[in-house]
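# Architecture and fold: a report
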Amino acid sequence: QVQLVESGGGLVQPGGSLRLSCAASGFTFSSYAMSWYRQAPGKERELVARITSALGRTNYADSVKGRFTISRDNAKNTVYLQMNNLKPEDTAVYYCNAVTIYSGSYTNFWGQGTQVTVSS
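Just so it is clear, the model here is predicted, and its values are computed rather than measured. (Residues numbered from 1 in each chain as written. Predicted model: local features only at pLDDT ≥ 70, side-chain atom pairs only at ≥ 80, totals over all residues. Heavy atoms only, no water.)

### Notes on the state of the cysteines
As a reminder of what qualifies: The rule for a disulfide is simple: a pair of cysteine sulfur atoms within 2.5 Å. Only DSSP runs of H or I reaching four residues or more are called helices, and only runs of E reaching two or more are called strands; each is numbered from the N terminus. Remark: exposure states derive from per-residue accessible area (1.4 Å probe, protein chains only) relative to the maximum for the residue type, with buried under 20%, exposed over 50%, and partly exposed in between.
Summed over all chains, the structure comprises 1 disulfide. With a sulfur-sulfur separation of 2.1 Å, Cys22 is cross-linked through a disulfide to Cys96. The disulfide joining Cys22 to Cys96 has a torsion of about -85 degrees about its S-S bond and is therefore left-handed. Pair noted here: Cys22 is in strand E3 (residues 18-25) and Cys96 is in strand E9 (residues 92-102), with a separation of 74 residues, a long-range link. In this pair, the class of Cys22 matches that of Cys96, namely buried.

### Observations regarding the environment of Pro14
Along the polypeptide, Pro14 turns up in the loop between strand E2 (10-12) and E3. Relative accessible area serves as the criterion here: at 41%, Pro14 is assigned to the partly exposed category. Considering only alpha carbons, one finds Pro14 and Asn85, 71 residues apart in sequence, at a separation of 6.9 Å.

### Considering the pairing of strand E8 (residues 78-83)
Filter applied, for reference: Whether two strands pair comes down to DSSP finding at least two bridges between them.
Most of E8 sits inside the fold, with 5 of its 6 residues counted as buried. The sheet contact formed by E3 and E8 spans 6 bridges and is antiparallel. Following the sheet pairing, Leu20 is matched in E8 by Leu81. Sheet topology places strand E7 (residues 68-73) next to E8; 6 bridges connect them, and they run antiparallel. When the bridges of E8 are listed, Phe68 appears paired with Met83. Turn length for the E7-E8 hairpin, with the two strands adjacent in sequence and antiparallel, is 4 residues, and the turn residue Asn77 shows positive phi of about 50 degrees.

### A short note on the environment of Ser31
The following threshold applies: Between two residues, a contact is recorded if the distance between any of their heavy atoms is within 4.5 Å.
Structurally, Ser31 can be placed in the loop between E3 and strand E4 (33-39). Spatially, the C-alpha atoms of Ser31 and Ser119 are 37 Å apart, while their sequence positions differ by 88 residues. Here Ser31 is in contact with Ser53 and Thr100, once residues within four sequence places are set aside.

### Thoughts on the nonpolar core
Heads up, the rule is: Put simply, a nonpolar core is a bunch of buried Ala, Val, Leu, Ile, Met, Phe, Trp, Tyr and Cys residues held in one set by side-chain atoms that sit within 4.5 Å of each other.
Grouped together as the largest cluster of nonpolar side chains are 30 residues, with contacts concentrated most on Leu4, Met34, Trp36, Val79, Leu81, Met83 and Tyr94. Looking at this core, the elements with two or more residues in it are E3, E4, strand E5 (46-51), E7, E8, E9 and strand E11 (114-118). If sequence neighbours within four positions are ignored, Met83 has contacts with Gly16, Ser17, Leu18, Leu20, Arg67, Phe68, Tyr94 and Val116.

Structure, rendered in structure tokens:
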């Protein structure tokens, strides 16, 4: 069965750091682009960071550039999000996503989410 299991969330003070992990199983991890999304209360879900499958190219939301880093370890079927200099506006539920396209159709998997709270 397909699973995406996030870990590493929690409570941190402004200016602090966290590293989120997403452990994947049940599909060919190396064939999928991996992303982190987040959703804050009362706001739309937004893409935070993405890393591609073939070349490992990355992209980031403007709000996190220079502070967050996405990486993947295909040998461990795991994607990470290193979050530095955290701000209160980073508070949200963070979701791991896997997506691929084949013959014009998308296959899309989601994790259960992990809470990140940035507060003094």
